[in-house]
Amino acid sequence: MSTKKSSVYEPLTESGAIALTKRLQLFEENSNLLCNEIGDGNLNLVFKVKDSKTEESIIIKQALPYAKVVGESWPLTLDRARIETHALLKQAEFVPQYVPKVFYSDEKLAITIMEDLSRLQISRAALIEGKDLPLISKHIGEFLAKTLFYTSDYSVNQHYKKALVKQFINPDLCKITEDLVFTDPFFDHDTNDYEPELEQDVERIWQDQALKLEVAKLKQKFLTKAEALVHGDLHTGSIFADGKETKVIDPEFAYFGPIGFDVGQVFGNFLLNAISRDVENQEVLFKHIETTWNVFVEEFSRAWKNDGLEIFTKVDGYLEHVLSEIFEEAVGFAGCEIIRRTIGLAHVADLDLIQPYEKRISTKQLALTIGSELIKNQKAIKDPTQFKDYVKQTVNL
Ligand SMILES: Nc1ncnc2c1ncn2[C@@H]1O[C@H](COP(=O)(O)OP(=O)(O)O)[C@@H](O)[C@H]1O
Ligand SMILES: CSC[C@H]1O[C@H](OP(=O)(O)O)[C@H](O)[C@@H]1O
């Protein structure tokens with residue numbers, strides 16, 4: 001992988017993307033290249049360039065100088081492309097099997113050229129279709145344990161850790177999360193977006209001082225706890241999967257934050273899919289939450305025992321303390337994710353596609369109650385079984 005610095009930024013077009021791949025000689029000279037812009041995310045352009053002769057293909061992801069979902073009125077740093085490239089490379093040091101290969105990057109052009117994963121499906125879409133992704137939670141548990149443990153002070157030299165923290169300073173993207181996940185949904189802010197039928201439920205959240213106190217504490221952890229290199233946006237739209245393989249994409253929100261944030265976003269997004277289903281089809285999602293956590297604990301504990309560099313990793317009880325704090329925080333972060341995906345700026349198809357409309361509204365009301373209960377009861381929920389019991393209990397309120 002080479003990183004080249006060109007002089008001028010300009011957004012690529014489909015023909016520009018083909019010209020770039022030719023200039024970089026990424027395909028054979030006599031190839032017949034076709035290109036489509038396939039980006040469906042909130043922020044960036046994504047081009048798929050394919051040689052129609054060999055069927056070989058690559059992905060070129062390019063940051064725009066603004067948030068695509070809002071437009072030029074929301075300027076956004078191009079530096080997120082550098083963060084994404086380097087996060088993918090860092091994660092590949094520990095779990096190459098779970099991230100796309102990076103072929104090339106250019107910080108000035110704000111592009112990352114990577115492996116095309118179109119053989120897989122975005123897991124949010126697969127779960128909405130009711131597909132089985134039997135290995136996704138085992139893989140994600142391992143992805144979380146290894147990427148987080150091996151970038152934390154539990155395993156790396158203190159000077160190296162600080163250099164990594166500096167490399168992944170990501171204030172603009174963190175500010176989006178600080179606002180959209182931890183602040184705006186809890187106040188009457190104009191980024192919020194919800195159906196008029198939810199007005200009373202939303203008002204209840206805004207008036208709930210006990211809830212807001214817990215959210216304040218979670219936001220403070222997000223702002224200050226530089227525990228490990230977190231992915232920072234690990235929802236099911238950032239996970240490609242099929243029955244055998246899993247790949248995590250889109251780490252442009254990566255920074256040094258609390259381990260529980262990544263774990264909580266995974267829990268929250270599995271749970272959002274669970275509640276979008278009829279009760280009899282929910283169990284598989286609770287099982288995914290349980291497997292994610294159990295594999296995370298197993299792999300994190302193995303790494304801690306074998307590769308713990310911090311001297312206190314040898315002290316009895318410290319690992320258990322760290323794991324229980326991660327779980328507690330994950331429960332709270334999951335609650336924030338559920339609330340913001342229901343009434344904040346960035347929604348999820350799991351809820352927005354529910355038909356008929358009345359069922360969509362009642363499921364969203366339920367999501368708000370579940371999110372609030374998780375946040376307020378973080379300390380009481382100690383493991384995935386209690387997590388599921390709490391949700392089920394809330395559903396029956
Ligand atoms: N490596 C890849 N292989 C195939 N498709 C990809 C790849 N990366 C992104 N995509 C497609 O582009 C979409 C948006 O990508 P994403 O990285 O989530 O962009 P954004 O940062 O704008 O959210 C994904 O949902 C997926 O359909
Ligand atoms: C204005 S950004 C909103 C939202 O979009 C990001 O998700 P993605 O890039 O995967 O579409 C992130 O979750 C932000 O909170």
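Predicted model, so just to flag it, every value in this text is computed and none were measured. (Residues numbered from 1 in each chain as written. Chains lettered and ligands numbered in written order. Predicted model: local features only at pLDDT ≥ 70, side-chain atom pairs only at ≥ 80, totals over all residues. Heavy atoms only, no water.)

**What to know about the pairing of strand β7 (residues 102-106)**
Inclusion rule: Under the scheme applied here, a residue whose accessible area is under 20% of the maximum for its type counts as buried, over 50% as exposed, and between as partly exposed, the area being computed with a 1.4 Å probe on protein chains only. Runs of H or I in DSSP of at least four residues are treated as helices and runs of E of at least two as strands, each being numbered from the N terminus. Any two strands with at least two DSSP-identified bridges between them are counted as paired.
Among the 5 residues in β7, 4 count as buried, and that is most of the element. Count of turn residues in the β7/strand β8 (residues 111-115) antiparallel hairpin: 4 residues, of which A110 carries a positive phi of about 60 degrees.

**Considering the pairing of strand β3 (residues 44-51)**
A regular strand places its side chains on the two faces of the sheet in alternate fashion. By the criterion of burial, β3 is predominantly enclosed, with 6 of the 8 residues buried. Connecting the antiparallel pair strand β2 (residues 33-37) and β3 is a turn made up of 6 residues. When β3 meets strand β4 (residues 57-63), the two strands line up antiparallel, connected through 7 bridges. Within the sheet, the bridge partner assigned to V46 lies in β4 and is K61. Where β3 folds back on β4, the antiparallel hairpin that results is connected by 5 residues, among which E55 adopts a positive phi of roughly 70 degrees.

**Considerations on the pattern of salt bridges**
Applicable threshold: Only one rule defines a salt bridge in this text: a Lys or Arg side-chain nitrogen within 4 Å of an Asp or Glu carboxyl oxygen.
Tallied over the entire structure, the rule returns 32 salt bridges. A salt bridge links E337 to R341; its shortest N-O distance comes to 2.8 Å. Here R341 and E337 lie together in helix α11 (residues 318-343), a separation of 4 residues that amounts to about one turn. Relative accessible area serves as the criterion here: at 5%, R341 is assigned to the buried category.

**Observations regarding the packing of helix α8 (residues 209-224) against helix α13 (residues 357-376)**
Cut-off, in case you're wondering: Here an axis means a line fitted to C-alpha atoms, over the contact stretch when the element is a helix, while the angle between two N-to-C directions is reported on a 0 to 180 degree scale. Between 65 and 115 degrees an angle is taken as roughly perpendicular, under 35 as roughly parallel, over 145 as roughly antiparallel, and anywhere else as oblique. By convention the crossing between two helices is left-handed if the near helix lies anticlockwise of the far one by an angle smaller than a right angle, and right-handed if it lies clockwise. By definition, residues are in contact when any of their heavy atoms lie within 4.5 Å.
Contact pair α8 / α13: the axes reach a minimum separation of 9 Å and the direction vectors enclose 65 degrees. Comparing the axis directions of α8 and α13 gives the class roughly perpendicular. You can see that α8 and α13 cross each other, and the crossing is left-handed. Mapping the contact onto sequence places A210, L211, E214, V215 and L218 in α8 and S372, I375 and K376 in α13.

**Side note on the packing of helix α9 (residues 259-275) against helix α10 (residues 283-307)**
Short version of the rule: Ten residue types, Ala, Val, Leu, Ile, Met, Phe, Trp, Tyr, Cys and Pro, are classed as nonpolar, four, Asp, Glu, Lys and Arg, as charged, and the remainder, Gly among them, as polar.
Interaxial distance between α9 and α10 falls to 8 Å at its minimum, and their mutual angle equals 160 degrees. Considered as vectors, α9 and α10 are oriented roughly antiparallel to each other. At the point where α9 passes α10, the crossing takes the right-handed sense. Residues I259, V263, V266, F267, F270, L271, N273 and A274 of α9 pack against L285, F286, H288, I289, T292, W293, F296 and F300 of α10. Per-class residue counts for the contact of α9 with α10 are 13 nonpolar, 3 polar and no charged.

**Remarks on the side chain of D233**
Tracing the sequence through the fold places D233 in the loop between β10 (228-230) and β11 (239-241). Non-local contacts of D233, meaning those with residues more than four positions away in its chain, are made with S238, D250, F253, Q265, R340 and R341.

**With respect to the site of ligand 2**
The following threshold applies: Neighbouring residues are identified by heavy atoms, a residue being near a molecule or strand if any of them is within 4 Å of it. In the analysis that follows, any N or O atom pair within 3.5 Å is treated as a polar contact, provided that within protein one partner can donate a hydrogen and the other can accept it, and provided that, for residues neighboring in sequence, both atoms belong to side chains. Exposure was quantified through the Shrake-Rupley algorithm and a 1.4 Å probe, taking into account, for residues, occlusion by the shown protein chains and nothing else.
In the vicinity of ligand 2, 16 residues are found, and the nearest of them are N42, D233, H235, D250 and R340. Contact distances for ligand 2 include 2.8 Å between an oxygen atom and a side-chain N or O atom of D233. Here an oxygen atom of ligand 2 sits 2.8 Å away from a polar atom, N or O, in the side chain of R340. Protein contacts shield 95% of the accessible area of ligand 2, which totals 410 Å² for the unbound molecule. For the shell around ligand 2, the secondary structure elements donating two or more residues are α6 (171-180) and α11. Here the residues of the shell around ligand 2 sort into 8 nonpolar, 3 polar and 5 charged.

**Describing the packing of aromatic side chains**
Cut-off, in case you're wondering: Classification of ring pairs rests on two measures: the distance between centres of Phe, Tyr or Trp rings, Trp counted by its six-membered ring, which must be within 6.5 Å, and the angle between planes, read as stacked under 30 degrees, edge-to-face over 60 and tilted in between.
Taken as a whole and judged by the stated rule, the model has 21 aromatic pairs. Taking the centre distance of 6.3 Å and the plane angle of 80 degrees together, the rings of Y154 and Y318 count as edge-to-face. Separated by 164 residues along the polypeptide, Y154 in the loop between α4 (136-149) and α5 (158-167) and Y318 in helix α11 bring together distant segments of the chain. With relative accessibility at 10%, the residue Y154 sits in the buried group. Judged by relative accessible area, which is 27%, Y318 ranks as partly exposed. An angle of 35 degrees between the planes, with centres 6.2 Å apart, marks the rings of F300 and W304 as tilted. Of this pair, F300 and W304 are both found in helix α10, 4 residues apart, which corresponds to roughly one turn of the helix.

**Details of the UniProt feature "binding site: ATP" (unreviewed entry) in the chain**
Rule in force here: UniProt positions are given in the numbering used here, feature names are shortened, and annotations may be inferred rather than shown by experiment. Space inside and on the surface of the protein is sampled on a 1 Å grid over the protein atoms alone, with a cavity defined as a set of points where a 1.4 Å probe fits but cannot get out and a pocket as an open set with protein on both sides within 12 Å along at least 5 of 7 lines; lining residues have an atom within 4 Å of a point.
As recorded in UniProt, the sites labelled "binding site: ATP" (unreviewed entry) are N44, K61, E115, D116, L117, D250, P251 and E252. As for the annotated residues named above, the ones lining the largest cavity are N44, K61 and E252. Inspection of the secondary structure assignment puts K61 in strand β4. Judged by its relative accessible area of 11%, K61 falls in the buried class. In this structure K61 touches N44, L45, V46, E84, A110, I111, T112, M114, D250 and E252, once residues within four positions along its chain are discounted. Among the polar contacts made by the side chain of K61, one reaches the side chain of E84 at a distance of 2.9 Å.

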